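For reference, the chains in residue letters:
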Amino acid sequence: METKEYDAVVFDMDGVIFDSERAVMNCWLEIADKYGIKDIKGPYLACTGTTMARTKEIMLEAYGTDFPYDTYAKEASENYHAKYDGGRLPMKKGVSELLSFLKKENKKIALASSTRRQTVVNQLRDAGILDYFDTVICGDMVERSKPAPDIFLKACEKLKVEPERAYAIEDSYNGIRAAHAGKLKPIMIPDLLPENDEMENLTEVVLDSLLDVVNYLK
């Protein structure tokens, strides 16, 4: 087995650390059911790994400019926070094992999430894993969101590591595109969307869970 040469691992959060994309989708499915919105799953999946602004654009493209997106988004958000705040958001398999492994190996750890900073910090703190991260870079700290590489490049800059010596762990297509564009080594752990040919080409490897990442990096 060849030894993996790297100095850092940069994590996406939603769909990688937390099972939050499925949780949010369920809140939207409830809204769709309540208000009779047809086929919301397709547009919702198109929004994974994008910003709030782009999500709104996608929804309006799908349902027309008079679609009351802000009203529905507010209700979905309230439902989500009522269900999952305070450490109730389910974590993905292998999170603590991988974070512990990286600390033991003296690797630097960053988080690069399109979500706004306050939400990210609260969720990591509530889950008891905030202290593992050397730096946390969020969507409101960079000009361009994924698939632009800005968020990953800023994370590497803060960690003082070369992007080529960092792995990026992502579940979304835009996240993988961003990591690849930034010259990091992308690892895909598919969540709501399966890998496709493009993802196979852009990634170092596609794995089933974060537990597999531990074995891969060993």
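Conventions and cut-offs
Residues numbered from 1 in each chain as written. Predicted model: local features only at pLDDT ≥ 70, side-chain atom pairs only at ≥ 80, totals over all residues. Heavy atoms only, no water. Buried < 20%, exposed > 50% of the residue type's maximum accessible area, 1.4 Å probe, protein only. Helix = DSSP H or I, 4+ residues; strand = E, 2+ residues; numbered from the N terminus. Pairing = 2+ DSSP bridges. Salt bridge = Lys/Arg side-chain N within 4 Å of Asp/Glu carboxyl O. Phe/Tyr/Trp six-rings, centres within 6.5 Å; stacked < 30°, edge-to-face > 60°. Axes fitted to C-alpha atoms, helices over the stretch in contact; angles between N-to-C directions. Parallel < 35°, antiparallel > 145°, perpendicular 65-115°, else oblique. Left-handed = near helix turned anticlockwise from the far one by under 90°. Contact = heavy atoms within 4.5 Å. Nonpolar A, V, L, I, M, F, W, Y, C, P; charged D, E, K, R; others polar. Polar contact = N/O pair within 3.5 Å; in protein donor to acceptor, adjacent residues only side chain to side chain.

Residues Ala 8 and Val 10 line one face of strand β1 (residues 8–11) and the alternating positions Val 9 and Phe 11 line the opposite face, and both faces are buried. Where β1 lies against strand β2 (residues 108–113), four bridges are found, and the strand directions are parallel. Paired with Val 9 across the bridge in β2 is Ile 109. By the bridge criterion, four bridges tie β1 to strand β4 (residues 166–170) in an arrangement that is parallel. Bridge assignment links Ala 8 to a residue of β4, and that residue is Ala 166.

As a further point, take the pattern of salt bridges. What the rule picks out here adds up to 17 salt bridges. Residue Glu 30 pairs with Lys 83 through a salt bridge whose shortest N-O separation is 2.6 Å. Here Glu 30 is found in helix α1 (residues 20–35), whereas its partner Lys 83 is found in helix α4 (residues 69–84), with 53 residues between them in sequence. We classify Glu 30 as partly exposed; its relative accessible area is 38%. The exposure class of Lys 83 is partly exposed, given its relative accessible area of 34%. Where Asp 150 meets Arg 144, a salt bridge forms, and the shortest distance between an N and an O atom there is 2.8 Å. For Arg 144, a relative accessible area of 48% puts it in the partly exposed group. Each of Asp 19, Arg 22, Lys 92 and Asp 191 takes part in one network of salt bridges that share partners.

In the structure shown here, the tally under the stated rule is eight aromatic pairs. Seen in terms of ring centroids, Phe 11 and Phe 133 are 6.0 Å apart; in terms of plane orientation they differ by 85°. Their pairing is edge-to-face. Taken as a pair, Phe 11 in strand β1 and Phe 133 in the loop between α6 (117–126) and β3 (135–138) lie far apart in primary sequence, 122 residues in all. Overall, the relative accessible area of 1% leaves Phe 11 in the buried class. A relative accessible area of 9% means that Phe 133 is categorised as buried. Among the aromatic residues, those joined into a ring-pair cluster are Tyr 35, Tyr 63, Phe 67 and Tyr 72.

On to the packing of helix α5 (residues 95–104) against helix α10 (residues 210–217), then. Taken N-terminus to C-terminus, the directions of α5 and α10 make an angle of 25°; their axes are 7 Å apart at the nearest point. The orientation of α5 with respect to α10, classified from their angle, is roughly parallel. Helix-helix and strand crossings are classified by hand; for α5 and α10 the assignment is left-handed. Where α5 approaches α10, its residues Val 95, Glu 97, Leu 98, Phe 101 and Leu 102 are matched on the opposing element by Leu 210, Leu 211, Val 213, Val 214 and Leu 217. By residue class, the composition of the contact of α5 with α10 is nine nonpolar, no polar and one charged.

Attention shifts here to helix α8 (residues 173–181). Tyr 173, Asn 174, Gly 175, Ile 176, Ala 178 and Ala 179 are the residues of α8 that are buried. Two residues or fewer after α8 comes Lys 183, characterised by a positive phi angle close to 70°.

This brings us to the side chain of Lys 4. Among the secondary structure elements, Lys 4 is positioned in the segment before β1. Overall, Lys 4 belongs to the buried group, its relative accessible area being 16%. In this structure the side chain of Lys 4 is engaged in a polar contact, spanning 3.2 Å, whose partner is the backbone oxygen of Tyr 216. Among all residues touching Lys 4, those that are not within four sequence positions of it are Tyr 167, Tyr 216 and Leu 217.

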